[in-house]
Amino acid sequence: MNPHEQRGKAPETAYAFLEGKFVPLHEAKISIMTHAFLYGSGVFEGIRAYYNSANDEVYVLKLIEHYTRMRNNAHILMMEITQSAQHLAELTCEMIRKCGYREDVYIRPMAYKSAQRIGLKWDKNHEFMMFAVPMGSYLTKERPLNCMVSSWRRIQDNAIPPRAKVSGSYVNVSLAANEARENGYDEGLLLNEDGSVSEAAGMNIFLVRSGHLITTPVYDNVLEGITRACVFEIAKDLGIPYEERSMNRSELYASDEVFICGTGAEISGVGSIDRRQIGDGKTGPVTNKIQDVFFDAVRGNNPKYKNWLTPVWHR
Ligand code: PMP
């Protein structure tokens, strides 16, 4: 099996949470008539937890923030999640302990329309599920990504709100991600219908120009990324000026540095876009500085950012 197919697989002993209880992951099944399966009507999160071997601890990154975003997003699909973000956070830690994970993991919770019948209109029924799988770093700092601007356009707020993290809407970024891979690139970048830059396929995008950080604004059809907010916080602490504003495609090529960020991709430097080298083709100095703080913070090695983390084992 190649590494791509291996990624994100769960061990036999893993547990999931489904319809109010913990069940072995391999027994966690839903009906083929489920609305969310037929129509993509779920809202989900991707959450990372990092293992610190010195403390023998697993730290979940920005756990409450993820569940707060999920509860707000579920509301867009008229699902009111009755459990508080705190309660969902506690369930998540309990699940990781049940799985026995003492390694880096990726957690996938989803609130989904659970009615089992044909028909687009939403019933009141919805359920919550989650599982977690071991997952190491996306790519190393030494290996900047080769990206392409996708021929697919980013969905707009009035089609499927990108901020809502709706499961069905991920066909949009999958088309771009897959197109990139089929053409020999690492990742795809998506433009809006008006030609402005939106975000990468599953990550937010940052440029560095003359020492300033620039990222696309929330009204340019991006997910309001939690890693993006971490980058803002780090930039503030490092005294790096940052701004949110729209950008053209050609500004990508003309930048000193580009990086993409998200829970899965963490913070990854971009070495080229559409075969145009960015800077010297290596991960740039500003990106490096931000990465260093980020990777220390998420593993619990920087006390300043301890409030980003929820410990799983030593409560
Ligand atoms: N954009 C999209 C479309 C995403 O799916 C993600 C990953 N959740 C991101 C951006 C980054 O968001 P976050 O930092 O919250 O993971």
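What this report covers is the structure whose coordinates are included nearby. Fair warning: this is a prediction, and the values are worked out from it, not measured in the lab.

Turning to the overall build of the protein chain, a few remarks are in order. A count of helices and strands for the protein chain gives 8 helices and 17 strands. Taking 315 residues into account, the globule formula puts the C-alpha radius of gyration at 20 Å, and the protein chain, at 19 Å, falls close to it. The dimensions of the protein chain, computed from C-alpha atoms along their principal axes, are 50 × 50 × 40 Å. Taken across its 315 residues, the protein chain has 52% of its residues classed as buried. Within the protein chain, contacts between residues at least 6 apart in sequence are counted, and of these 70% link residues at least 24 apart. Taking the 36 positively charged and 38 negatively charged side chains of the protein chain as two groups, their mean positions are separated by 2 Å.

In this section: the site of the ligand. Looking at the ligand, there are 15 residues lining it, with Tyr170, Glu199, Ile226, Thr227 and Thr263 nearest. Computed on the free molecule, the ligand has an accessible area of 380 Å², of which 96% lies beneath the protein chains in the complex. Contributions of two or more residues to the shell around the ligand are made by α6 (226–238) and β14 (257–262). Of the residues in the shell around the ligand, the class split is 5 nonpolar, 6 polar and 4 charged.

Our next topic: the pairing of strand β4 (residues 47–52). Among the 6 residues of β4, 6 are classified as buried, and the element is accordingly described as predominantly covered. Alternating positions in β4 separate into two faces, Ile47, Ala49 and Tyr51 on one and Arg48, Tyr50 and Asn52 on the other, with burial throughout. Both β4 and strand β6 (residues 105–113) contribute to a ladder of 3 bridges, which runs antiparallel. Looking at β6, one finds that Ala49 is bridged to Val105. By the bridge criterion, 4 bridges tie β4 to strand β5 (residues 57–61) in an arrangement that is antiparallel. Bridge pairing links Tyr50 to Tyr59 in β5.

Turning our eyes to something else, we now look at unusual backbone geometry. The backbone phi angle of Lys62 is positive, close to 55°, even though this residue is not glycine. Along the chain, Lys62 turns up in the loop between β5 and α3 (63–76). One non-glycine residue, Arg275, adopts positive backbone phi at about 65°. By secondary structure assignment, the location of Arg275 is in the loop between β15 (266–273) and β16 (276–277).

Attention now moves to the packing of aromatic side chains. If you walk through the whole model with that rule in mind, you get 10 aromatic pairs. Ring centres of Phe17 and Phe128 lie 6.1 Å apart, and the angle between their planes is 55°; this geometry places the pair in the tilted category. Taken together, the residues Phe17 in strand β1 (residues 15–18) and Phe128 in strand β7 (residues 126–134) connect sequence positions 111 residues apart. Taken as a pair, Phe17 and Phe128 share a single burial class, namely buried. On the numbers, 5.5 Å between centres and 80° between planes, the contact of Phe294 with Phe295 is edge-to-face. Put simply, the rings of Phe17, Phe22, Tyr67 and Phe128 pair up and form one aromatic cluster. The lysine or arginine in question, Arg276, covers the ring of Tyr253, its NZ or CZ lying 4.3 Å from the ring centre.

What follows is about α3. Residues lying three or four places apart along an α-helix face the same way, a consequence of the helix completing one turn every 3.6 residues. Here α3 is 14 residues long and its end C-alpha atoms lie 21 Å apart, about the 20 Å a rise of 1.5 Å per residue gives. Every buried residue of α3 is accounted for by Leu63, His66, Tyr67, Arg69, Met70, Asn73 and Ala74. Buried residues of α3, seen end-on, are gathered within an arc of 155° and therefore sit on one face of the element. Met78 occupies a position one or two residues after α3 and carries a positive phi of about 55°.

Take the pattern of salt bridges next. Per the counting criterion, the structure on display carries 17 salt bridges. Measuring nitrogen to oxygen at the nearest pair gives 3.0 Å for the salt bridge that ties Arg102 to Asp56. Remark: Asp56 occurs in the loop between β4 and β5 and Arg102 occurs in the loop between α4 (85–99) and β6; sequence separation between them is 46 residues. Residue class for Asp56 comes out partly exposed when judged on its relative accessible area of 26%. The residue Arg228 makes a salt bridge to Glu244 at a minimum N-O spacing of 2.7 Å.

Moving on: the pairing of β6. Among the 9 residues of β6, 8 are classified as buried, and the element is accordingly described as predominantly covered. Judged from the 3 bridges that link them, strand β3 (residues 42–44) and β6 form a sheet pairing that is antiparallel. Of the residues in β6, the one forming a bridge with Val43 is Ala111. Summarising the sheet, β6 and β7 pair through 9 bridges and their orientation is antiparallel. Counted as the bridge partner of Ala111 is Phe128 from β7.

Parameters at a glance
Residues numbered from 1 in each chain as written. Predicted model: local features only at pLDDT ≥ 70, side-chain atom pairs only at ≥ 80, totals over all residues. Heavy atoms only, no water. Helix = DSSP H or I, 4+ residues; strand = E, 2+ residues; numbered from the N terminus. Rg over C-alpha atoms; globule rule 2.2 N^0.38 Å. Buried < 20%, exposed > 50% of the residue type's maximum accessible area, 1.4 Å probe, protein only. Contact = heavy atoms within 4.5 Å. Lys, Arg positive; Asp, Glu negative; His and termini not counted. Charge placed at Lys NZ, Arg CZ, Asp CG, Glu CD. Near = heavy atom within 4 Å. Areas by Shrake-Rupley, 256 points an atom, 1.4 Å probe, with all protein chains shown as cover. Nonpolar A, V, L, I, M, F, W, Y, C, P; charged D, E, K, R; others polar. Pairing = 2+ DSSP bridges. Phe/Tyr/Trp six-rings, centres within 6.5 Å; stacked < 30°, edge-to-face > 60°. Lys NZ or Arg CZ within 6 Å of the ring centre and 35° of its normal. Expected span 1.5 Å × (residues − 1). Arc of directions from axis to C-beta. Salt bridge = Lys/Arg side-chain N within 4 Å of Asp/Glu carboxyl O.

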